[in-house]
Amino acid sequence: SFHEALGHDPQLAMAHLGLAKAYTGATAYKDAFFHHKQAAELVAQGNVTEKEAKWIALGQQQLDGVFASPQERTKRLQEYRQGIDELIVLDPDDAHAWVLRGNASERSVSGRGQGGRVASVAYYDAALQRDPEHFGAHHYLVHSYESLGLYDKAAEHAKRYADAVLRVPHAQHMYAHVLPRLGKWTEALEQLEKADRLQREYFAAG
């Protein structure tokens, strides 16, 4: 999708940031650094807003933190969190920024929702106050509440996530792996079958 966006607008710095994050998630760091550099060059040319520039700076800050020495990692994480707080100050109504801060409440600068606990919940709730349909916040709340052993709440947000993006296999899978915690094995199997079918359809479509 980000490559498609760049095909329409090669100056779209946020598409380069999206690619950098996607490649980081795939541990394709050479590509991640390349797209961060492209985004930074567009910032230097003045082709972005102040808030976009901050998002891009935070992306580089996070990637640098991933490769920081063990002695530097705690400091880098604190600086990254402070940077996101500054992003929120720029636009307190930006639900995406609150979600990013929830990710950064994890123990590592590379946190991306799976290791959330109490601190993360507060930020994801803040995102939902601004956008009740933000499926990213619902997704990460599933992980956070599972970590806390609050399976009823995890299932509630998993259902919201699955219903929001009906064609996304992972969303159906997320709901499936919470349901057994509530003894709902038949419903879990149905969800897993749905996720499997959607994934196969995706690959078949090429």
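Coordinates for the structure precede this section.
Every chain begins its residue count from 1, and numbering advances along the sequence as written. Only residues with pLDDT of at least 70 are given local features in this predicted model, and only at 80 or more are side-chain atom pairs given and counted; all residues enter the totals for whole chains, interfaces and linings. With hydrogens and water excluded, all non-hydrogen atoms of the structure serve as input to the side-chain values.

### Here's the deal with the overall build of the protein chain
Helix and strand definitions follow DSSP, with helices as H or I runs of at least four residues and strands as E runs of at least two, each counted in order from the N terminus. Of the regular secondary structure elements, the protein chain holds 11 helices and zero strands. Note on method: radius of gyration uses C-alpha positions; expected globular size equals 2.2 Å times residues raised to 0.38. Taking 17 Å as the expected radius of gyration for a compact globule of 206 residues, we find that the protein chain reaches 18 Å, a close match to that expectation. The rule is simple: take the accessible area with a 1.4 Å probe, protein chains only, and divide by the maximum for that residue type; under 20% is buried, over 50% is exposed, in between is partly exposed. Looking at the protein chain as a whole, 40% of its 206 residues are labelled buried. The criterion used for residue contact is that any of the two residues' heavy atoms lie within 4.5 Å. Relative to all contacts within the protein chain whose residues are 6 or more apart in sequence, the contacts with residues 24 or more apart total 49%. A 1.4 Å probe and the Shrake-Rupley method give the accessible areas. Residues count as covered only by the protein chains that appear here. On the protein chain, roughly 11500 Å² of surface is accessible, and the fraction owed to carbon and sulfur atoms is 53%. Charge counting follows a simple rule: Lys and Arg are positive, Asp and Glu are negative, and His as well as the terminal groups are ignored. Taken as the charge centre is NZ of Lys, CZ of Arg, CG of Asp or CD of Glu, depending on the residue. Between the averaged position of the 23 positive side-chain charges in the protein chain and that of its 27 negative side-chain charges there is a distance of 6 Å.

### Quick word on the pattern of salt bridges
One speaks of a salt bridge when a side-chain nitrogen belonging to Lys or Arg is within 4 Å of a carboxyl oxygen belonging to Asp or Glu. Inspection of the entire model under this criterion finds 10 salt bridges. The partner of aspartate 85 in a salt bridge is arginine 101, and the shortest N-O contact between them spans 2.9 Å. Here aspartate 85 is found in helix H5 (residues 73-90), whereas its partner arginine 101 is found in helix H6 (residues 95-104), with 16 residues between them in sequence. For arginine 101, a relative accessible area of 9% translates into the label buried. Counted as one network, the salt bridges with shared partners bring together Lys51, Asp91 and Asp94.

### Structural notes on the nonpolar core
Note on terminology: a nonpolar core comprises buried Ala, Val, Leu, Ile, Met, Phe, Trp, Tyr and Cys residues joined through side-chain atoms within 4.5 Å. Formed by 42 residues in total, the largest nonpolar core has its most connected members in Tyr80, Ile84 and Leu100. Broken down by element, the residue count for this core peaks at six residues, all from H6. Among all residues touching leucine 100, those that are not within four sequence positions of it are Lys21, Trp55, Leu58, Tyr80, Ile84 and Leu87.

### With respect to the packing of aromatic side chains
Two rings from Phe, Tyr or Trp (for Trp, the six-membered ring) form a pair when their centres are within 6.5 Å of each other. A pair whose planes differ by under 30 degrees is stacked, one over 60 is edge-to-face, and the rest are tilted. For the coordinates displayed, the defined rule picks out six aromatic pairs. Measuring from ring centre to ring centre gives 5.7 Å for phenylalanine 33 and phenylalanine 67, while their planes differ by 45 degrees; the resulting arrangement is tilted. Highlighted residues: phenylalanine 33 in helix H3 (residues 29-44) and phenylalanine 67 in the loop between helix H4 (50-66) and H5, separated in sequence by 34 residues. Geometrically, the ring pair formed by tyrosine 124 and tyrosine 140 is tilted, given 5.5 Å between the ring centres and 35 degrees between the ring planes. Remark: tyrosine 140 occurs in helix H8 (residues 135-147) and tyrosine 124 occurs in helix H7 (residues 118-130); sequence separation between them is 16 residues. Accessibility classification places tyrosine 124 together with tyrosine 140 in one group, the buried group.

### A few points about unusual backbone geometry
Among all residues except glycine, the phi angle is most often negative; among peptide bonds, the trans geometry is most common. Look at threonine 27: it is not a glycine, yet its phi comes out positive at around 55 degrees. Along the chain, threonine 27 falls in the loop between helix H2 (13-25) and H3.

### Describing the layout of surface pockets
Only protein atoms enter the 1 Å grid, on which a cavity is a set of points fitting a 1.4 Å probe that cannot get out and a pocket is an open set with protein on both sides within 12 Å along at least 5 of 7 lines, lining residues being those with an atom within 4 Å of a point. Grid points are joined across faces, edges and corners, and a volume is the space filled by probe spheres set on the points. Reported here for the largest pocket is a volume of approximately 1300 Å³. Lining the largest pocket are 39 residues, with Lys21, Ala22, Asn103, Arg112 and Tyr140 sitting closest to its centre. For the lining of the largest pocket, the secondary-structure elements that each account for two or more residues are H2, H3, H4, H6 and H8. Side-chain classes are defined by residue name, with Ala, Val, Leu, Ile, Met, Phe, Trp, Tyr, Cys and Pro counting as nonpolar, Asp, Glu, Lys and Arg as charged, and the others, Gly among them, as polar. Of the residues belonging to the lining of the largest pocket, the class tally is 17 nonpolar, 19 polar and three charged.

### What about the side chain of asparagine 103?
Positionally, asparagine 103 belongs in helix H6. N or O atoms closer than or at 3.5 Å make up a polar contact, with two conditions inside protein: a donor-capable atom paired with an acceptor-capable one, and, for residues adjacent in sequence, both atoms drawn from side chains. Among the polar contacts made by the side chain of asparagine 103, one reaches the side chain of tyrosine 124 at a distance of 2.8 Å. Apart from residues no more than four positions distant in its own chain, asparagine 103 is found in contact with Gly111, Arg112, Gly113, Tyr124 and Tyr140.

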